[in-house]
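Close look at the chain arrangement
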Amino acid sequence: MSKLVTVSEMRQIEAEANASGWTYAQMMVRAGTGVAQLVHSLYGYEEDLQVVALIGSGNNGGDALVALEWLASAGWKIRAYLVRPRAESDPLIARVLERGGEMATAWEDVQFSRLDAWLKHATVLIDGVLGTGIRLPLQEEVARVLAHVKNFEHRPPCIAVDCPSGVDCDSGEAAPECIPAEVTACMAGVKIGLLKTPAFSLIGEIQVIDIGLPAGLSSWEQVQREVIDEEWVSDHLPARPVEGHKGTFGTATICGGCLNYSGAPLLAAEGAARSGVGLVQVAVPVTVHTMIAGSNWNVTWLPLPEEQGFIAAEAAAVLLKFLQRATALLIGPGLGLETSTQKFLQRLLEAREKDLEERPVGFLFNHETSSRKPTTTALPALVIDADGLKLLAQIENWQKLLPPHSVLTPHPGEMAILTGLSTSQIQANRIETVLKFAKEWNQVVVLKGAFTVIAAPDGRLGYIPIATNALAHGGTGDVLAGMITALRAQGMKSFEAACAGAWLHAQAGLIAAQEVGHPASVQATDVCKAIPDVLGWVWKEK
């Protein structure tokens, strides 16, 4: 698990570790050793092992010097290029020289002749000039060196220590002189600014380095933001026993569709069916059922009463009767915004278990624990997406009608409708916004877009470190909603299902772009086809 931390939080964590006996010097040794081992694991196969490290005056420079010392012991030729002065009696420099390392300084190498000669033959470059405490714009002497290396014709692959030099690790702003990294070695936690633009385009792959923080640090435990990755998703996906049957893996009901948007519930149903659920039931207006029922033979259908191609208010009673075996319900894809459909949604949310005739007692999912036990709402685990969110905003006190820990999946425009904020306000403060309203509404909120963020009412936050325009196509959001619903139907808790679904969906978008040939050509159906490939990586036998 990788935590997402601010600069001030990381300073507090390190200060608490130091006060508890794990000193800054010990942390630096662990950090530098971790960087060196990463470099060696990535490039140690080369025949001529040469490394150049750009060294600053702070801790990042110290980490890089420790890395050089370790690499020398592993057979590398090591060279330290001081961009900023360090203390005259710095023991880290002394140890590098004792290991046979070479050293040069930027203020003496005015024409960069020594640096150019080193870079030309280097296997790898370590960027240890600046850390998390920088202020933009950069000082002229530092900017000059970074710009020269960035534009060097034969620049070797770069490993950044904690962050590329010149990145603001809170805001994500970046100096134009920043050297793009192939890998950024983050110390203990991923700095929050690295997963914002433009910094994200400069960091390459993220690797988190263990700096030996003692267990039980309160400042570390208080950080509830997690970077969702393959390991996290694999650990949280439900078991799939070989003896399981379709009832074992739950039933997802997809409710949506209208004459204008007949394909949306199909895409959501396909996303759900590809994500492991045992049975998918699709509830659509009668006319839409006639149009699309032959398009997917793998689902069951529930035609609903309609008014001119839109779900009618009286359809709520019909749907409720057929939710007896559903373990999750998605409302919204292609639903339309007619008044009759808004009344349908309100009636559905106002229904309680006493309104049902034959629901098996104890079958409903408890919305906080996903354990099967009686509950007062007539609805199973609930996901609301797309037009369902817009209709929701028209219902007075809608927050009180939703079962606790339902999953809401707005894009920024839909979030604006729900909150009254502008999309620019939301986009400027995505993390703060989603945390605020998840708590206020007592729901899990998935704010979609580049770097999707997921918030739980208890303050937990999941961050999807993926941005791709392959998903910037109509219908891909319907696929995501179906995937999250399928995971809820299989018994995953709301927050975990939302995080896992969003990560799987983003990865499927990346795979689809590779398969199709270009992200501009990816369609929602291509994302559906890529879901099995992603699940093949992460769904372990349990």
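Conventions used here
- Residues numbered from 1 in each chain as written.
- Predicted model: local features only at pLDDT ≥ 70, side-chain atom pairs only at ≥ 80, totals over all residues.
- Heavy atoms only, no water.
- Pairing = 2+ DSSP bridges.
- Helix = DSSP H or I, 4+ residues; strand = E, 2+ residues; numbered from the N terminus.
- Axes fitted to C-alpha atoms, helices over the stretch in contact; angles between N-to-C directions.
- Contact = heavy atoms within 4.5 Å.
- Left-handed = near helix turned anticlockwise from the far one by under 90°.
- Nonpolar A, V, L, I, M, F, W, Y, C, P; charged D, E, K, R; others polar.
- Buried < 20%, exposed > 50% of the residue type's maximum accessible area, 1.4 Å probe, protein only.
- Right-handed = clockwise from strand over helix to strand, strands pointing away.
- Expected span 1.5 Å × (residues − 1).

**Describing the sheet that holds strand 7 (residues 183-187)**
If you walk across this open sheet you meet the 7 strands as 4-3-2-5-6-7-9, and the pairing is parallel. Two strands close off the open sheet at either side, each with one partner strand: strand 4 (102-105) and strand 9 (205-209). When the angles between neighbouring strand axes are averaged without regard to direction, this sheet yields 20°. Note that strand 3 (residues 77-82) and strand 4 share 4 bridges and pair parallel. Counted as the bridge partner of tyrosine 81 is alanine 104 from strand 4. The sheet strands contacting helix 2 (residues 24-43) are strand 5 (124-128), strand 6 (158-161), strand 7 and strand 9, and the helix crosses strand 7 at an angle near 155°. Sheet strands touched by helix 3 (residues 59-73): strand 2 (50-55), strand 3, strand 5, strand 6 and strand 7. Its angle to strand 2, the strand with the most contacts, is close to 160°.

**As for the environment of methionine 483**
Among the secondary structure elements, methionine 483 is positioned in helix 18 (residues 476-489). Not counting chain neighbours up to four residues away, the residues in contact with methionine 483 comprise Gly271, Ala272, Ser275, Gly501, Leu504, His505 and Ile531.

**A word on the packing of helix 5 (residues 113-121) against helix 6 (residues 140-150)**
One can describe the packing of helix 5 onto helix 6 by two numbers: an axis separation of 11 Å at closest approach and a directional angle of 35°. Crossing geometry of helix 5 relative to helix 6 is assigned as right-handed. In this structure, helix 5 uses Leu115, Asp116 and Leu119 to contact helix 6, whose residues at the interface are Val145, His148 and Val149. Broken down by class, the residue content of the contact of helix 5 with helix 6 amounts to 4 nonpolar, 1 polar and 1 charged.

**Describing the pairing of strand 2**
Of all 6 residues in strand 2, 6 are buried, a share of seventy percent or more. The alternating pattern of strand 2 places Gln50, Val52 and Leu54 on one face and Val51, Ala53 and Ile55 on the opposite face, and all of these are buried. Of the crossover connections in this fold, the one passing from strand 2 over helix 3 to the parallel strand 3 is right-handed. Pairing of strand 2 with strand 5 involves 5 bridges; the strand directions are parallel. From the neighbouring strand, isoleucine 55 faces strand 5, where its bridge partner is glycine 128.

**As for helix 18**
Taking 1.5 Å per residue, 14 residues should reach 20 Å; helix 18 reaches 20 Å between its end C-alpha atoms and fits that length. Of all 14 residues in helix 18, 14 are buried, a share of seventy percent or more. Positive phi shows up at glycine 491, right after helix 18, with a value of about 105°.

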